[in-house]
Amino acid sequence: MIDKAAIEAHFKSQAAYQARQTHLHVDYYRIRRRMAVKLPATDMAFFHGTLGEFDGYPWPIWFVFALENRVAALAWAGEWCDNADWRALAEQDLAAMGSWSQFRQYDKPDLGVGHSGRLMWYALTHWSWLSEDCKKELHKACKQLVDEALTGLELHNRFFDNTEDLLSRDLVGKEAMLLHNIPVIGTLGAALAASCINHPRIEELHTWAEIHVTATLEALGRGFTEGVAYDGYVMDFAYCWLRVLDEERRNKILEHPNIGKGLEQCLALACPGRRYDVAEIADVESQQWPFHNSAQSYLYYLIGGAERAEYLKHYNIEWARLLSLALIRDTIDEPKTETPKPGAWDSINASILRSGWEAEDVALIASSSNCHMGHIHYDAGSIVIGHQGHWLLDDPGYQQYLRTSEREFTVGPDSHNAPVFNGQAQTLRGVTRLAHDDQDPDKMHMAFDMTQAYDSELGIKRVRRYLWLINKRLIVIADDIEAKDEKELRYNWHAKPGADWSCDALACGIHADEHALYFHCLNADEDIYSFNNISRFKGSRGHQTWQVNQQVTKTVNWWVIDTQLCDETWYLSDDNRSLSLLGHQLDVPE
């Protein structure tokens, strides 16, 4: 549990580590590269080389991530511990930014602009002990950053005049890039840098930022999303930027009805017994990209909230972004907290059934987004299952950017826990939620029609997935499938990285520590329960996958997934559309 003492101890440990470093260690994990940059960094570090279709990506972002955490650790620990050496190292790093030749890689607002602008704003507004020479260098660098960014900002913002104009666009479809995290964060970072030097175009920058933030909040309610991690990334910057607005302007945004959507996402996708570990549906990395949690730290600093305090107290301090963590040091000990209620939850791009948040609870997450943003995968109806602090049934998570076997694993046809036909997975946005019901806590239910997510030329007439969470422990899946002619149906069940599989007479199980999930297929041949059907795909990040193949034209495929080695009796109806077990009858409508 996070408290003031734990936060200070973590900063002290991180500062001691950083003080020993001669180089800044940068992990470009999305392209499997690492770089060590000599300290102090006298220019923004660029990754040079040919990286295929992602050559236009702002690669310096991981360098700025690392620098941001280094400076925050040294500066805050130096202040709290009255350690002049640590403060001097932080000041040396900040002053070096004044010599950077540029703060962006391309002629558009990007992530380098966003993070550099915020770091310099943060330093100038939080650390009064900085020398006048250092402040002078930061002021000069802020002006350079804003002036550089303005050309790209003008080009981006010429597409709309106000919030209503932006919201009139197809934000869930082809024009969604107008609210992509990169230009929004670039805009917000430039506005922060401009605010601390009273740049002559500060009001214009605030107006652009206000349009972006208000439109993003409104769009979240309409199904626009980049997944919990990237939605949180934008809000992380938005909540920082709100602090520089006047009270009336700030409160207008804080009163938006969707201001709590981020916390809902975090809670909905939290792993039972390990709340900071959100389900890696779409491009999500709980540890490497924890900005959804940083956003909640900033918002808690602004408006508090008992449920938000409860969530943050369970955060893993080792994963935290340090700029945001420092701000809750003096407020997180607030005794008033509130535990959320179990049941059916939404996460904009996913639908959830959960019995609660403690380790013994079960969370069933199903992907259900039609948004066209690139961080959302073609994975409608794909599920993950959390129990006892593990995502026992898991997903590859974030996509690898380089065209390697790892990229094939993360976005290829067998990437997700959804049906594959004749070797072809989903290629379209096309999911309809048919049900999402928690009226009976012992028989919660959700259902999806995923037919339109498959290419029509494949000849699939119907793919509907029905899901139940029974007695807070057992999950039932019924896939109602009809094709024009016989198809090979393939299931891929991905175990969490490092987990083991067991194979018994009538079940295969995923095992992590002493906990397990047991899978029973009620329609398949018994020979599916074999180690011959379990493999580690090329490019896997440690996941082992149970692959099950069938030939189908029309059928309902039933799966029972239990946290115990189930010895209960179940009964299938003659027409294969009803299942009775544990005193419940589960029906698949015609």
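What you see is a predicted model, and the numbers here were worked out from it, not measured in a lab.

Criteria and thresholds
- Residues numbered from 1 in each chain as written.
- Predicted model: local features only at pLDDT ≥ 70, side-chain atom pairs only at ≥ 80, totals over all residues.
- Heavy atoms only, no water.
- Phe/Tyr/Trp six-rings, centres within 6.5 Å; stacked < 30°, edge-to-face > 60°.
- Helix = DSSP H or I, 4+ residues; strand = E, 2+ residues; numbered from the N terminus.
- Buried < 20%, exposed > 50% of the residue type's maximum accessible area, 1.4 Å probe, protein only.
- Lys NZ or Arg CZ within 6 Å of the ring centre and 35° of its normal.
- Core = buried A, V, L, I, M, F, W, Y, C linked by side-chain atoms within 4.5 Å.
- Contact = heavy atoms within 4.5 Å.
- Pairing = 2+ DSSP bridges.
- Axes fitted to C-alpha atoms, helices over the stretch in contact; angles between N-to-C directions.
- Salt bridge = Lys/Arg side-chain N within 4 Å of Asp/Glu carboxyl O.

Q: Give me the lowdown on the packing of aromatic side chains, citing residues and values where you can.
A: All chains considered together, the criterion is met by 36 aromatic pairs. Centre to centre, the rings of Phe65 and Trp289 are 5.2 Å apart; their planes meet at 75°, and the pair counts as edge-to-face. One end of the pair, Phe65, is in helix α2 (residues 61–80); the other, Trp289, is in the loop between β4 (274–278) and α12 (291–303), and 224 residues separate them in sequence. Accessibility classification places Phe65 together with Trp289 in one group, the buried group. Pairing Phe421 with Tyr454 gives two aromatic rings, centres 5.2 Å apart and planes at 75°, and the pair type is edge-to-face. Of this pair, Phe421 sits in strand β10 (residues 420–421) while Tyr454 is found in the loop between β12 (443–449) and β13 (460–470), placing the two residues 33 residues apart along the sequence. Take Phe421 and Tyr454: they sit in the same class, and that class is buried. An aromatic cluster of at least three residues, connected via ring pairs, comprises Phe11, Trp76, Trp80, Trp121, Tyr122, Trp127 and Trp129. We note Arg429 situated over the ring of Tyr378; from NZ or CZ to the ring centre the distance is 4.2 Å. One Lys or Arg, Arg541, reaches over the ring of Tyr398 and ends 3.7 Å from the middle of that ring.

Q: Explain the nonpolar core to me, using residue names and the numbers behind them.
A: Counting 150 residues, the largest nonpolar core has Trp62, Phe63, Leu94, Tyr233, Trp241, Trp289 and Ile365 as its most contacted members. The element best represented in this core is α2, accounting for 15 residues. If sequence neighbours within four positions are ignored, Phe63 has contacts with Leu24, Val26, Tyr28, Val37, Ala41, Asp43, Met44, Ala45 and Trp100. Of all hydrophobic cores here, the second largest spans 47 residues; its members include Leu364, Met444, Leu469 and Ile561.

Q: Just give me the short version of the sheet that holds strand β7 (residues 362–367), but keep the residues and values in it.
A: Working definition: the strands of a sheet are paired by backbone hydrogen bonds and lie parallel or antiparallel to each other. The antiparallel open sheet is built from five strands, whose spatial order is β5-β6-β7-β8-β9. Both edges of this open sheet fall to β5 (343–346) and β9 (390–393), since each of them pairs with a single strand only. Neighbour-to-neighbour, the strand axes of the sheet open up by a mean angle of 25°, direction not taken into account. Bridge count for strand β8 (residues 383–387) against β9 is three bridges, and the pairing is antiparallel. Considered in β9, the bridge of His387 is made with His390. The sheet contacts of helix α11 (residues 261–268) involve β5, β6 (350–354) and β7, and relative to β5 the element is tilted by about 130°.

Q: So, the sheet that holds strand β22 (residues 584–587): which residues are in play, and what are the values?
A: Here three strands make up an open sheet; going across it, the order is β20-β21-β22 and the pairing antiparallel. Where the open sheet ends on each side, the last strands, each with one partner, are β20 (570–572) and β22. Pairs of neighbouring strands in the sheet enclose a mean axial angle of 15°, with direction left out of account. One ladder, built from four bridges, connects strand β21 (residues 578–581) with β22; its direction is antiparallel. Considered in β22, the bridge of Ser578 is made with Asp587.

Q: Explain the pattern of salt bridges to me, and be specific about the residues and the numbers.
A: According to the stated counting rule, one finds 38 salt bridges in the structure shown. The partner of Glu137 in a salt bridge is Lys140, with the nearest N and O atoms 3.3 Å apart. Residue Glu137 and its partner Lys140 are both found in helix α5 (residues 132–157); the two are separated by three residues, about one turn of the helix. With relative accessibility at 26%, the residue Glu137 sits in the partly exposed group. A relative accessible area of 45% means that Lys140 is categorised as partly exposed. Where Arg541 meets Glu406, a salt bridge forms, and the shortest distance between an N and an O atom there is 2.6 Å. Linking Arg541 in the loop between β18 (534–535) and β19 (545–562) with Glu406 in helix α15 (residues 405–411), this pair joins segments that are 135 residues apart in sequence.

Functional significance is not addressed by these values, which are geometric in nature.
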